[in-house]
Amino acid sequence: MRSRAEQEQGSTANWFTMVLGVVSVVGAGVVTAAFLYRKRLERSFGRHDESKEENVEGKIVVITGANTGLGKEAAFEMARRGAVVVLACREHGMTEAAILDIRKRTSRGELIFMELDLSSLESIRRFCKNFNEKFQKVDILINNAGVFVPLKKRMKSYDGYEINFGVNHLGHFLLTNLLLDKLRAAAPSRIVVVASTLSERGKLNFDDLNLETANDEDTMFAYGTSKLASILIARELARRLSGTGVHTYALCPGWVKTDLARNAMDVPWKKYIGMLMSSFLFMLTPHQGVQTILHCAVSTKVADETGKLYRNCDHWVTTSNLAEDLGKKLWEASEDLVVQKSK
Ligand SMILES: NC(=O)c1ccc[n+]([C@@H]2O[C@H](COP(=O)([O-])OP(=O)(O)OC[C@H]3O[C@@H](n4cnc5c(N)ncnc54)[C@H](OP(=O)(O)O)[C@@H]3O)[C@@H](O)[C@H]2O)c1
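Caption draft 1: Looking closely at helix H9 (residues 324–340). Between the first and last C-alpha of H9 there are 25 Å, a value that for 17 residues agrees with the 24 Å anticipated at 1.5 Å per step. Of all the positions in H9, only Leu 326, Gly 327, Leu 330, Trp 331, Ala 333, Ser 334, Leu 337 and Val 338 are classed as buried. The secondary structure elements touched by the buried residues of H9 are helix H4 (121–134), helix H5 (163–186) and helix H6 (221–240).

Laid out in structure tokens, this is it:
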């Protein structure tokens, strides 16, 4: 016969096993439900239609920030279509590593590293001088590189501009302008601007474009403002380039798992766990995120469009004010800013 102590020990063990069983069943149910929900959601992600695209074999494609994330995936996609891809990046070692990775996936196309640091106007001018000496034209320019730095870090570009504004907007503004002749030479050609729906969280203050006096509580504000600026310039470019055969496209790739948040990771742990869970459910892979970039860069469906916005491989209607006079005013202000630093 078992003693009373042994009986109590046995019933505690049974109770523990039962609780463990219930927790395992509920846990497995939650994970399966989340997995099925994710799979169902994936069916709604936009997908570029490869049967309706221009042939880019031998075409010159320049991609900024192509050593990682969406830019690297775009470089792979262009290389596998036989394009000559210029990876315009700031770090040689990381870009060579990215090229080796891409080469494991495709042997087609050409992959060429050229140094470009978008936080330095001098580096941009040097890149364009080298590029313009080496190449006769640009068929597709993908302005992809970007940083997402909360304003409260007060990080500046090499030339002293607020880092999001300096890299995401001003750097690409100068780059695009210095490559315009080569884009015109390739017409029909495309300029693809990787923006974001967070542009709707931004606001331009022409008395303080450098955000010196802006409230830095909203983590998204500076990034959003830089993306709003990129969109306004894409639309202004479309007006200025009307009839030349150079078309512009601005897009949001969706919420994609990349290194973009590397400068914004100091969030409280509770928020971090919440973010991890929602990222599992909602975040796109780089392959899923690159679809709208491909849609804008090579799809025949949008070949006759210019100055429009895209998301999920479709048109995107933004709530931002994109009035023509704002685009013109920003163009002139941006010209002044890059010229000032060249004196
Ligand atoms: N991921 C998203 O959820 C999401 C959503 C909406 C829009 N976007 C946009 O998508 C684009 C690609 O970002 P991602 O998500 O792929 O992020 P990522 O993995 O962080 O890639 C960003 C790229 O930009 C480059 N870059 C940063 N500063 C630069 C500089 N000063 N000069 C030259 N290159 C520079 C980075 O180079 P280094 O490695 O050398 O720093 C990197 O190659 C960005 O414009 C981003 O704003 C992303």
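On we go.
Caption draft 2: Seen up close, the site of the ligand. Neighbouring the ligand are 29 residues; Asn 67, Arg 90, Asn 144, Tyr 223 and Thr 258 lie closest to it. Note that an oxygen atom of the ligand is positioned 2.6 Å from one of the side-chain N or O atoms of Thr 258. When the ligand is considered free in solution it has 890 Å² of accessible area, and contact with the protein chains removes 97% of it. For the shell around the ligand, the secondary-structure elements that each account for two or more residues are helix H2 (69–80) and H6. The residue makeup of the shell around the ligand, split by class, is 14 nonpolar, 10 polar and 5 charged.

Caption draft 3: Quick look at the nonpolar core. Phe 127, Phe 131 and Ile 191 are the most contacted members of the largest nonpolar core, which has 56 residues in total. In terms of residue count, H5 provides more of this core than any other element does, 10 residues in total. Excluding its chain neighbours within four sequence positions, the residues that come into contact with Phe 131 are Ile 60, Val 62, Val 86, Met 114, Lys 137, Val 138, Leu 179 and Lys 182. Counting residues in each nonpolar core, the second largest holds 35 residues, with Phe 45, Val 61, Ile 63 and Leu 251 among its members.

Caption draft 4: Structural view of the side chain of Ser 120. Inspection of the secondary structure puts Ser 120 in the loop between strand S3 (110–115) and H4. For Ser 120, the side chain forms a polar contact with the main-chain nitrogen of Ser 123, separated by 3.0 Å. Ignoring sequence-local partners within four residues, the contact set of Ser 120 consists of Tyr 158 and Asp 159.

Caption draft 5: Looking closely at the environment of Lys 52. Residue position: Lys 52 is located in the loop between helix H1 (4–42) and strand S1 (60–64). Once the C-alpha coordinates of Lys 52 and Lys 156 are considered, the two residues, 104 residues apart in sequence, prove to be 42 Å apart. Setting aside anything within four residues of it in sequence, one finds Lys 52 in contact with Val 298, Ser 299, Thr 300 and Lys 301.

Conventions used here
- Residues numbered from 1 in each chain as written.
- Predicted model: local features only at pLDDT ≥ 70, side-chain atom pairs only at ≥ 80, totals over all residues.
- Heavy atoms only, no water.
- Helix = DSSP H or I, 4+ residues; strand = E, 2+ residues; numbered from the N terminus.
- Expected span 1.5 Å × (residues − 1).
- Buried < 20%, exposed > 50% of the residue type's maximum accessible area, 1.4 Å probe, protein only.
- Contact = heavy atoms within 4.5 Å.
- Near = heavy atom within 4 Å.
- Polar contact = N/O pair within 3.5 Å; in protein donor to acceptor, adjacent residues only side chain to side chain.
- Areas by Shrake-Rupley, 256 points an atom, 1.4 Å probe, with all protein chains shown as cover.
- Nonpolar A, V, L, I, M, F, W, Y, C, P; charged D, E, K, R; others polar.
- Core = buried A, V, L, I, M, F, W, Y, C linked by side-chain atoms within 4.5 Å.

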